[in-house]
Amino acid sequence: MTAFPFTVGHEVASALADGRPVVALESTIITHGLPAPQNLEMARAVEAVVRARGATPATIALIHGVPTVGLGEWELEALAADRSAGKASSRDIATMIVRGESAGTTVSATMLLAERAGIKVFATGGVGGVHRGAEQTFDVSADLTELGRTPTAVVCAGVKAILDIPKTLEVLETQRVPVIAFGVDEFPAFYTRGSGQKAGQRLDTPEQIARAVALHRATGAGTGLLIANPIPAEDALDAAAIEATIASAVREAERLGVAGKALTPFLLQRINELTAGESLKANIALVKNNANLAARIAVALAALG
Ligand code: PSU
Ligand code: MN
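Residues numbered from 1 in each chain as written. Chains lettered and ligands numbered in written order. Predicted model: local features only at pLDDT ≥ 70, side-chain atom pairs only at ≥ 80, totals over all residues. Heavy atoms only, no water.

The condition is simple: UniProt positions are given in the numbering used here, feature names are shortened, and annotations may be inferred rather than shown by experiment.
Per an unreviewed UniProt entry, the chain is named Pseudouridine-5'-phosphate glycosidase, and its organism is Alsobacter ponti. Of the comments in the UniProt record for the chain, the one headed Function (unreviewed entry) reads "Catalyzes the reversible cleavage of pseudouridine 5'-phosphate (PsiMP) to ribose 5-phosphate and uracil. Functions biologically in the cleavage direction, as part of a pseudouridine degradation pathway." In the Subunit (unreviewed entry) part of its UniProt record, the chain is described as follows: "Homotrimer."

### Description of the overall build of the chain
Condition: For helices the rule is a DSSP run of H or I covering at least 4 residues; for strands it is a run of E covering at least 2, with both sets numbered from the N terminus onward. This radius of gyration counts C-alpha atoms alone. The globule rule is 2.2 Å times how many residues there are, raised to the power 0.38. In this scheme, a residue with accessible area under 20% of its type's maximum is buried, one over 50% is exposed, and one in between is partly exposed, where area comes from a 1.4 Å probe on protein chains only. In short, Shrake-Rupley with a 1.4 Å probe defines the accessible areas, and a residue's cover is counted only from the protein chains shown. For this count, His and the chain ends are skipped, Lys and Arg are scored as positive, and Asp and Glu as negative. Throughout, a charge is located at the NZ atom of Lys, the CZ atom of Arg, the CG atom of Asp or the CD atom of Glu.
The helix and strand inventory of the chain stands at 13 helices and 11 strands. Relative to the compact-globule value of 19 Å for 305 residues, the chain shows a C-alpha radius of gyration of 18 Å, a close match. Out of the 305 residues in the chain, the part that is buried amounts to 54%. Accessible surface computed for the chain: about 13000 Å², of which carbon and sulfur atoms make up 54%. A distance of 3 Å separates the average location of the 27 positive side-chain charges in the chain from that of its 31 negative side-chain charges.

### A few points about the pairing of strand S9 (residues 179-182)
Selection criterion: Two strands are said to pair when DSSP picks up at least two bridges between them.
Because side chains alternate across S9, one face comprises the buried residues Val-179 and Ala-181, and the other comprises Ile-180 and Phe-182, equally buried. Pairing of S9 with strand S10 (residues 201-203) involves 3 bridges; the strand directions are parallel. By the bridge assignment, Phe-182 is partnered in S10 with Leu-203.

### Points about empty space enclosed by the protein
Keep this limit in mind: With a 1 Å grid spanning the protein atoms alone, the term cavity applies to any set of points in which a 1.4 Å probe fits but cannot get out, the term pocket to an open set with protein on both sides within 12 Å along at least five of seven lines, and the term lining residue to any residue with an atom within 4 Å of a point. Grid points are joined across faces, edges and corners, and a volume is the space filled by probe spheres set on the points. For this classification, Asp, Glu, Lys and Arg are treated as charged, while Ala, Val, Leu, Ile, Met, Phe, Trp, Tyr, Cys and Pro are nonpolar and the rest, including Gly, are polar.
Tallied over the entire structure, the rule returns 1 cavity of 30 Å³ or more. Looking at the largest cavity, its volume works out to about 80 Å³. Around the largest cavity, the lining residues are Leu-25, Glu-26, Ile-29, Ile-30, Met-42, Ala-43, Val-46, Thr-59, Ala-123, Thr-124, Gly-125 and Val-287. Every element with two or more residues in the lining of the largest cavity is listed here: helix H2 (28-33) and helix H3 (38-52). Counting residues per element, the lining of the largest cavity draws most heavily on H3, which supplies 3 residues. Its residues assigned to classes, the lining of the largest cavity comprises 8 nonpolar, 3 polar and 1 charged.

### Focus on the pairing of strand S8 (residues 153-156)
The side-chain alternation of S8 yields two buried faces, one formed by Ala-153 and Val-155 and the other by Val-154 and Cys-156. When strand S7 (residues 121-123) meets S8, the two strands line up parallel, connected through 3 bridges. In the strand pairing of S8, Val-121 is matched with Ala-153. Bridge count for S8 against strand S11 (residues 225-228) is 4 bridges, and the pairing is parallel. In the sheet register, Ala-153 faces S11, and the bridge partner there is Leu-225.

### Let's talk about the UniProt feature "active site" (unreviewed entry) in the chain
Condition: Two residues form a contact once any of their heavy atoms are found within 4.5 Å. For the purposes of these results, a polar contact is taken to be a pair of N or O atoms within 3.5 Å, where, inside protein, one atom must be able to donate a hydrogen and its partner to accept one; residues adjacent in sequence count only when each atom of the pair is a side-chain atom.
Look at the UniProt record and you will see "active site" (unreviewed entry) annotated at Glu-26 and Lys-160. Those annotated residues from the list above that line the largest cavity are Glu-26. Residues within four places of Glu-26 in sequence aside, it is in contact with Thr-59, Ile-60, Thr-105, Thr-106, Val-107, Thr-110, Phe-122, Ala-123 and Thr-124. One polar contact links the side chain of Glu-26 to the main-chain amide nitrogen of Thr-28, over a distance of 3.1 Å. Mapped onto the elements, Lys-160 comes out in the loop between S8 and helix H9 (165-174). Judged by its relative accessible area of 8%, Lys-160 falls in the buried class. Contacts of Lys-160, omitting those with residues within four sequence positions, involve Ile-165, Phe-190, Tyr-191, Leu-268 and Asn-283.

### Regarding the nonpolar core
Note the threshold: As used in this record, nonpolar core signifies buried Ala, Val, Leu, Ile, Met, Phe, Trp, Tyr and Cys residues forming a set joined through side-chain atoms within 4.5 Å.
The biggest cluster of nonpolar side chains holds 101 residues, and the ones touching the most others in it are Val-23, Met-42, Ile-119, Phe-187 and Leu-226. For this core, the leading source of residues is helix H13 (residues 278-304), giving 13 residues.

### Let's talk about the site of ligand 1
Keep this limit in mind: The criterion for a residue being near a molecule or strand is simple. One of its heavy atoms has to lie within 4 Å of it.
Inspection of the region around ligand 1 gives 14 residues, with Lys-87, Ser-141, Asp-143, Lys-160 and Thr-264 positioned closest. For ligand 1, an oxygen atom lies 2.7 Å from a polar atom in the side chain of Ser-141. Separating an oxygen atom of ligand 1 from a side-chain N or O atom of Asp-143 is a distance of 2.7 Å. Protein chains shield 93% of the accessible area of ligand 1, which is 470 Å² for the free molecule.

### Describing H13
Formally: An expected span of 1.5 Å times one less than the residue number is assigned to each helix.
The terminal C-alpha atoms of H13, which comprises 27 residues, lie 40 Å apart, in line with the 39 Å expected from a rise of 1.5 Å per residue. Note on H13: the residue one or two positions beyond its end, Gly-305, has a positive phi of about 80°.

### Focus on the layout of surface pockets
A volume near 680 Å³ is recorded for the largest pocket. Looking at the largest pocket, it is lined by 36 residues, and the ones nearest its centre are Lys-87, Thr-106, Ser-141, Asp-143 and Thr-264. Looking at which element gives the most residues to the lining of the largest pocket, the answer is H2, with 4 residues. Among the residues forming the lining of the largest pocket, the class breakdown is 12 nonpolar, 16 polar and 8 charged. Approximately 310 Å³ is the volume found for the second largest pocket.

Have a look at this one:
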């Protein structure tokens, strides 16, 4: 049988061997989610937030065909500068290894690689979900499928309203994925603290969430957990304004016929352009906020043994 080749960075490997807390970080946000040079600044800042909380960051990507868990400083820099890097979801990993490609890993691919390395907690900005108009296009992110079969806890700021949030929550329920809101009742909508939709459950401390993560794994359900952490109030954007921007980006994508794996990067880039940096600032703030919570959960989980 063919072994699955992947590399774990030294610092991450030694933290895992000692049972110390580790937080996985995705990289499609670096290659496709944010423009340069803010993408590299964000990636470094997020790693620093994880370290400040006493956990080890493990940014995950494909580097010249090698799935890498815990990028080194120069690897991070090269990936952020590589505007031809691909976008790897779970299904792309094998082919990209064969082709020797470099790629940012989406939430689905990052979960899969984190789990293989033994990392239980993962921080991102927003996960993929059911796209608006999915009843016509069938565009549902593989992130939701992966959440239905890989037990990683994913800390996010909810999902962007580029998606259909109620349908996304329905699919998460179907997939048996607990949706836990941290300190609030409502499921957050990325740039704003509320979506008008109730989250599945609410927990108020990182320690409670860590216990829920451990117990959910112990059930053997095999599914991931979605931990929804609202953007800090001082960084949140105006709901009506951002909704108008998103709606116009979605219409533009329809007009241009953008579909498949190109759709999410197209929408993210258009929103960044249309808000002239305002959404970018919010995006960076919420990723840091998620890394902070993920590190606190990872620390609490390590203390449970
Ligand atoms: N949503 C965001 N920012 C992102 C992404 C989603 O607000 O950067 C990225 C994540 O890497 C996610 C991927 O896993 O887009 C989903 O892509 P798709 O919709 O093609 O499955
Ligand atoms: Mn899609």
